[in-house]
Amino acid sequence: LLLNRKMAESALNTLAGQHPELSDKINSIISDHSRKLWHPLTNKLLSLVNEKVFDTGTDLLALKENLLKDIHTRINPLSLVKINLRVMRQQTDLTKLQADVESLKTLPSVKNNELSLLLCETAIADILLSLGKEKEAKNLIENLDERFGDFDGVSEVHRAFYDVSSRYYQMQADHALYYRDALRYIGCIDVANDLTEPEREKRALYLALSAVLGRGIYNFGELLAHPILNSLANSSENSWVAELVFAFNSGDIAKFDSLKPKWSAIPDLANAEREMRQKISLLALMELAFKQPANSRHLSFQLIAKTVRLQLNEVEILVMKALSLGLIKGTIDQVEQVVHVTWVSPRVLSRDQLKIMSAKLLQWQAEIVKVETLINTGAHSIIGY
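Predicted, not measured: the structure shown is a model, and the values here were computed from it.

### Notes on the pattern of salt bridges
Reasoning step 1: Under the criterion given, the structure shown has 30 salt bridges.
Reasoning step 2: A salt bridge links R200 to E197, with the nearest nitrogen and oxygen atoms 2.7 Å apart. Here R200 pairs with E197, and both are found in helix α14 (residues 197–213), just three residues apart, close to one helical turn.
Reasoning step 3: A salt bridge links E243 to K255; the shortest N-O distance between them is 2.9 Å. With a gap of 12 residues between them, E243 in helix α17 (residues 239–250) and K255 in helix α18 (residues 253–258) connect regions that are remote in the sequence.

Written out as structure tokens, the structure is:
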């Protein structure tokens, strides 16, 4: 044990010599190590290994063979894994890196702590993606997704997993699943402090495009309400993408068509024009129904055709599609050529949609007052009788 302690402190002294600007911090760690103050040592180690100077180079690797082997039974297992993974990232041989993380998983303290184990396996999935082993990564990510689903809250390990899983789905061009997990990822971080402005704009761009292209995505409110979209809206080059998402959210087909010179220049969007047009047509139908009073949602085929910019004979197919997807509920009167809508799928509403909802509530309040007045007026004759 004494030999291990001397080797650990020797590794720290060597690191202090290589990085004199960090010597005070490292000397404090040496002091905590000699006095067996494991909790403050853990926090200082986490801070040390995350210094920007260690983003490159291999100076930290000596800690893995000396200090971390000495203290692995004494510190919090999740912190142990976080420190080890940061140190191991300096390993340039990805196959060796994977073997090191697999070995880390076998430590008793890690093996018996679910979050620590999940963090190790998330790191392995990340390495598999970097190695191009996408099939193995897929199996592991799907397994991890189920296990993360068993947790009630959200931990810092969720953040790492959603970052890796969204990267995998992006590589697979699975827009819907990328959108789901990328939204989860930005929900786990402090966007303003954890991402640089270029990173925020890049992630907002990918999220916006995946929302438009993703199959089964008809609710854009969660993205539109997130501050990350401001990075896109304020971009000189990509602000039109934010406009496109707003157009989809409100079913604004005229705006969609006006932006065609922009979006048609992107191959993925140009190739998906038919699917995008069908999606925005469905959203336009939902928006049309949403704007009608709840007691008067009777939409004529002609009104739908005019709003959605379809031929009259295409309206029924569109409505049947919306019904089958559960976006609306109601009936179709083929004889009268009228759609009776009884329900519109709930969505996270934009500010403009909230204004419509507010107007509806005021109208409903006025109707209640009318009924109250009618009852008060009629009550005299009933009581008198």
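There is more to say, and it comes next.
### Some details on the sheet that holds strand β1 (residues 298–300)
One key point about sheets: their strands pair by backbone hydrogen bonds, in either a parallel or an antiparallel sense.
Reasoning step 1: Within the open sheet, the three strands sit side by side as β1-β3-β2. Their pairing is antiparallel. Strand pairing shows two members of the sheet lacking a second neighbour, β1 and β2 (328–333), which therefore form its edges. On average, each strand axis in the sheet is tilted by 30 degrees relative to the strand beside it, whichever way the strands run.
Reasoning step 2: With three bridges joining them, β1 and strand β3 (residues 338–344) adopt antiparallel strand pairing. Bridge assignment links S300 to a residue of β3, and that residue is V338.
Reasoning step 3: Its contacts with the sheet place helix α21 (residues 273–291) against β1, β2 and β3, and it is angled at close to 80 degrees to β3.
Reasoning step 4: The strands that helix α23 (residues 315–324) touches are β2 and β3; relative to β2, the one it contacts most, it runs at about 145 degrees.

### Remarks on the packing of aromatic side chains
Reasoning step 1: In the structure shown here, the tally under the stated rule is six aromatic pairs.
Reasoning step 2: Taken together, a centroid distance of 4.7 Å and an interplanar angle of 20 degrees make the contact between F148 and F161 stacked. With F148 in helix α10 (residues 134–148) and F161 in helix α11 (residues 156–171), this pair connects stretches of sequence that are 13 residues apart.
Reasoning step 3: A residue is classified by how much of its surface remains accessible, and F148, at 2% relative accessible area, is buried.
Reasoning step 4: Ring centres 6.1 Å apart and planes at 55 degrees place the aromatic pair F220 and F248 in the tilted group. Highlighted residues: F220 in the loop between α14 and α15 (221–224) and F248 in helix α17, separated in sequence by 28 residues. As far as burial versus exposure is concerned, F220 and F248 are alike and both buried.
Reasoning step 5: Directly above the aromatic system of W343 lies the positively charged group of K329, at a separation of 4.8 Å from the ring centroid.

### Observations concerning the environment of R159
Reasoning step 1: Here R159 is to be found in helix α11.
Reasoning step 2: Taking the C-alpha atoms as reference, R159 lies 28 Å from E65; in sequence the two are 94 residues apart.
Reasoning step 3: Discounting residues that sit within four places of it in the chain, R159 has contacts with Y185, C188, I189 and D194.

### Quick look at the pairing of β2
Reasoning step 1: Strand direction decides the pairing type here: β2 and β3, joined by six bridges, are antiparallel. From the neighbouring strand, D333 faces β3, where its bridge partner is V338.
Reasoning step 2: In textbook terms, the turn of a hairpin is the stretch between consecutive antiparallel strands, and for β2 and β3 this stretch comprises four residues, one of which, Q337, has a positive phi near 55 degrees.

The rules behind these values
Residues numbered from 1 in each chain as written. Predicted model: local features only at pLDDT ≥ 70, side-chain atom pairs only at ≥ 80, totals over all residues. Heavy atoms only, no water. Salt bridge = Lys/Arg side-chain N within 4 Å of Asp/Glu carboxyl O. Helix = DSSP H or I, 4+ residues; strand = E, 2+ residues; numbered from the N terminus. Pairing = 2+ DSSP bridges. Axes fitted to C-alpha atoms, helices over the stretch in contact; angles between N-to-C directions. Contact = heavy atoms within 4.5 Å. Phe/Tyr/Trp six-rings, centres within 6.5 Å; stacked < 30°, edge-to-face > 60°. Buried < 20%, exposed > 50% of the residue type's maximum accessible area, 1.4 Å probe, protein only. Lys NZ or Arg CZ within 6 Å of the ring centre and 35° of its normal.

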